[in-house]
Amino acid sequence: MTTPAAAPARRRGSALGWAAALTGLTVAIVYPIPIQMSGYTYFQTVGFLVFLYAMLGIGWNFIGGLAGQFDFGPNIFLATGAYTAALLAVHFNWSPWLGFVGAILVSVVICALITFPVTKLRGHYFAIATVAMWMIAQPIGATWELINGSRGLFIPMKPATGLGEALITLQFPGRSKGLVYYYIALGLFIATVVLFRTVERSKLGYYFRAIRDDQEGAEAIGIDSRVYKTAARCLTAAVFATGGVVYCFWAQAVFPDQVLEMNWAILPMICTVLGGLGRLWGPLLGAIILIPIAQVMSATLGAGPLAGRGLDVIVYGIIIMGVAAGRPNGLLSLPWARWFGRTPAPGSGRAAAGAVEDAPARR
Amino acid sequence: MTELLQAVVNGLQMGALYALVAVGLAIIWGLMEMVNFAHGEFMMLGMFGAWWLSSTLGLDPLIAMVPIALVMYGLGVVVYTQLMRRVQRGDVFAQIFATVGLLLFLQNTVVAGFTSDYRFVSDTVLARLSGVNIDLFGIRLGLPLLIAGLIGLALFILLYLLIDRTEIGLSLQATSEDREAAMLVGIHPRRMFAMAWGLGAALVAVAGVILANFFSVYPQVGLQFTVLAYAIVALGGFGSILGTLIAALLVGVVQSVTVVYLAPAFKDAFVFGSYLLIGLARPQGLFGRF
């Protein structure tokens, strides 16, 4: 790893990585502009959803990828975040920006309180416990009077007088809405990337991976697995709460069956696993592939005889089964480097296969 | 007092049906240690089969049970040999994803074929008996649910005997405990796993056929039963078939008592709440061996 010959190759690799990231960022920034000029802004919404799901996928990567615990119900924190911000806006007239802070705080506290007890459970049992929480959250959302039960909450409309005010209330008139929300999602996605990269390389990230790879071993060297599993899920909760706030101000309403829908739990995980579990760019790759399929299919099928017949989800199902059976470590685990001739050294194929085991540490 | 007893008895009858829903998962997940999140979708296929055979051929669900069980056994074997065998050795994540993919695929294939409309299997033998009650010490037993519960119980006991008393069942248990040792004594593990998946799919489909007498039939019906079945198997304890039965009866009783005395909307929430409490006090479940 630290042999002199390997060092420059790695530096070159990281330079290439930076170039790729810059190119990607430029494309992401420029992407909605021609769409805005063409007037058909639908694909801005597709882009918005891609970054929203990619962000949630990275959020899920904290508990699922880094800490290795299967969380089946992160959508309860999306709901918590959406409702917190909506309540603050409805009752106290708070701006969504303050709503972010409130939503993250409330979700993290709730997550810590309900997650710590179940960290005692492992593997399947932990997964079922998170499903149980989701099942308990559903009737609460549908009946609790504070959040208006199944009638939902509506964000009060405030026609902004200028751009400055619109940026505070996050309510934009007409065609500019899609554009601005696209950039909001992009910005939050980048913030989540930075957060994930920071955690991944910090002591916290090493503790998470130690627990994932060998819980007994981690405990033997003094890592309290229950505390750090809770911490990992709190990071997941914070990201989902942020996503919830964005979603609720974008939709300008919160309904319990909408924010507690299974898609909010399953799609981010599927994006993550398709791209590569535990890898920084896995969720983005997965979201870029999966989200447009559903959006484009529902747009092209329109009101035809096959509309609303779940054809997009059938395609999802086939892709997921194929990836699980053929490449369970995701598309990023394919030996891309070897195919593009960047690491021609003998045994690089084995190195790529080895990277499968400790995927988060590489790249 | 009578009211409470009535609620408990109603719960026990539903519980017997839940036992049949959960026992397929008890074999696949509890015994063979493979995950199946498409469990409820097998049940949904059974319900649709019952509806389809009843509306086109006029077959009563109680008869349609037999061909549906055979077809679903075949489907279970195909799912194992074509999909699950490939993910069996890997991470448990791969199994979860493969079966979530299967869930989405099966559910939406049915949506594509039949739309998401609610359907009802009407004019069945059990439906014609509705309104017939047996009075037992002041507790009313509705005949349809009673018969359904007894069928569920009978099938459950047959399965228990199959697994606990016959050579096939012992081979299944041997495979789950030690694959290599099982191979040494001439058991084909793959054949055993395929059989476990076939049995699991057939049993839950039969449960679906019976439930089609009482519940509406629609493509998304499966998930609620999947999560209920997971809670039941985990509550009963891994590898314990009888534990599954007792947990299922318990879940039925918790639900019906919640509906009568607390809030109907919270009937599943109370089930999962009790699962969390029991799970935390006894992570291996009520009767789990490990």
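Residues numbered from 1 in each chain as written. Chains lettered and ligands numbered in written order. Predicted model: local features only at pLDDT ≥ 70, side-chain atom pairs only at ≥ 80, totals over all residues.

Okay, the overall build of chain A next. Scanning chain A from N- to C-terminus turns up 17 helices and two strands. Per-residue burial for chain A yields a buried fraction of 44% across its 363 residues. Across chain A, contacts joining residues at least 24 apart in sequence account for 73% of those joining residues at least 6 apart. (Helix = DSSP H or I, 4+ residues; strand = E, 2+ residues; numbered from the N terminus. Buried ≥ 20, exposed ≤ 12 C-beta atoms within 10 Å, placed from the backbone. Contact = placed C-beta atoms within 7 Å.)

Viewed as axis vectors pointing N to C, helix α15 (residues 311-326) of chain A and helix α3 (residues 61-87) of chain B meet at an angle of 50 degrees, and their least axial separation amounts to 7 Å. Judged by the inter-axis angle, α15 of chain A sits oblique to α3 of chain B. Taking contact as the criterion, the partners of M321, A324 and A325 of chain A in α15 of chain A are, on α3 of chain B, L83, R86 and V87 of chain B. For the contact of α15 of chain A with α3 of chain B, the residue count by class is five nonpolar, no polar and one charged. (Axes fitted to C-alpha atoms, helices over the stretch in contact; angles between N-to-C directions. Parallel < 35°, antiparallel > 145°, perpendicular 65-115°, else oblique. Nonpolar A, V, L, I, M, F, W, Y, C, P; charged D, E, K, R; others polar.)

What follows concerns the environment of P144 of chain B. All names here are of chain B. Locating P144 in the fold gives a position in helix α6 (residues 143-165). Put simply, P144 and A127 are 17 residues apart on the chain and 6.9 Å apart in space, counted from C-alpha to C-alpha. With near-sequence residues (within four places) excluded, P144 lies in contact with L126, L129, S130 and N213.

Residue and element names in this part refer to chain A. Within the fold, Q252 resides in the loop between α11 (225-251) and β2 (253-254). The sequence separation of Q252 and A86 amounts to 166 residues, and the corresponding C-alpha distance is 8.7 Å. Those residues in contact with Q252, other than ones at most four positions away along the chain, are F154 and I155.

All names here are of chain B. Bridge count between strand β1 (residues 133-136) and strand β2 (residues 139-142): four bridges; the pairing is antiparallel. When the bridges of β2 are listed, D135 appears paired with R140. In textbook terms, the turn of a hairpin is the stretch between consecutive antiparallel strands, and for β1 and β2 this stretch comprises two residues, one of which, F137, has a positive phi near 50 degrees. (Pairing = 2+ DSSP bridges.)

Right, let's get into the nonpolar core. Residue and element names in this part refer to chain B. Within the largest apolar cluster, 209 residues are counted, with the highest numbers of intra-cluster contacts made by A205 and A231. If you tally residues by element for this core, the top one is helix α9 (residues 189-211), at 17 residues. Once you skip the residues sitting within four places of it in the chain, A205 turns out to touch F42, M43, L45, G46, G49, I68, A69 and M72. (Core = buried A, V, L, I, M, F, W, Y, C linked by C-beta atoms within 7 Å.)

All names here are of chain A. On the secondary structure map, P96 appears in helix α5 (residues 96-118). Classification of P96 by C-beta neighbours within 10 Å gives buried; the count is 22. Separated by 183 residues in sequence, P96 and R279 have C-alpha atoms that sit 30 Å apart. In this view, P96 contacts A85, A89, L170, V245 and F249; residues no more than four positions away in its chain are not counted.

Each turn of an α-helix holds 3.6 residues, which means side chains three or four residues apart point in the same direction. All names here are of chain B. With 23 residues, α6 should reach 33 Å at 1.5 Å per residue; the first-to-last C-alpha distance of 32 Å fits that figure. Turning to α6, its buried residues are L145, A148, G149, I151, G152, L155, F156, L159 and I163. If you follow the buried residues of α6, they end up packed against α1 (2-31), α5 (125-128), β2, α7 (167-177), α9 and α11 (241-261). (Expected span 1.5 Å × (residues − 1).)

Turning to the packing of α6 of chain B against α7 of chain B, a few remarks are in order. Two quantities define a packed helix pair, namely the angle between the helix axes and the distance between the axes. Residue and element names in this part refer to chain B. At their nearest, the axes of α6 and α7 sit 5 Å apart, and the two run at 70 degrees to each other. Classified by the angle their axes make, α6 and α7 are roughly perpendicular. Of α7, the residues touching α6 (which contributes L162, I163, D164 and R165) are I168, G169, L172 and Q173. Within the contact of α6 with α7, the residues separate by chemical class into four nonpolar, two polar and two charged.

In this complex, chain A contributes 33 residues to the contact, which on the side of chain B involves 36 residues. Contributions of two or more residues to the side of chain A that touches chain B are made by α5, α6 (124-143), α13 (262-275) and α15 of chain A. Of all the elements, α6 of chain A adds the most residues to the side of chain A that touches chain B, at 11 residues. For the side of chain A that touches chain B, a count of residues per class yields 26 nonpolar, five polar and two charged.

Below, the discussion takes up α7 of chain B. Residue and element names in this part refer to chain B. Buried residues of α7: L172, T175 and S176, and no others. For α7, the buried positions fall inside an angular range of 95 degrees around the axis, keeping them on one side. Facing away from the buried side of α7 by more than 90 degrees, the exposed set consists of E167 and E177. Looking at the buried positions of α7, the neighbouring elements they touch are α1, α6, α8 (179-184) and α9. (Arc of directions from axis to C-beta.)

Close inspection of predicted coordinates is inappropriate in any region flagged by low pLDDT. For chain B, the average pLDDT comes to 84, and 98% of its residues sit at 70 or higher. Across the interfaces of the predicted complex, the ipTM metric reaches 0.81, alongside a pTM of 0.84. (pLDDT = per-residue confidence, 0-100.)

All names here are of chain A. With a phi angle near 65 degrees, N93 is a residue other than glycine that sits in the positive phi range. The residue N93 is located in the loop between α4 (75-92) and α5 in this model. Given 10 C-beta atoms within a 10 Å radius, N93 is considered exposed. In this structure, Q252 is a non-glycine residue whose phi angle is positive, near 60 degrees. In this structure Q252 comes out as partly exposed when scored by C-beta crowding, with 16 C-beta atoms within 10 Å.

This part is about the confidence of the model for chain A. Residues and elements named next belong to chain A. Per-chain confidence: chain A averages 81 in pLDDT, with 87% of residues scoring 70 or above. Ranking the elements of chain A by mean pLDDT puts helix α17 (residues 348-355) last, at 41, and α11 first, at 93. Considering only residues more than four positions removed or in separate chains, one finds that residues 344-363, a stretch of pLDDT under 50, has 24 contacts.

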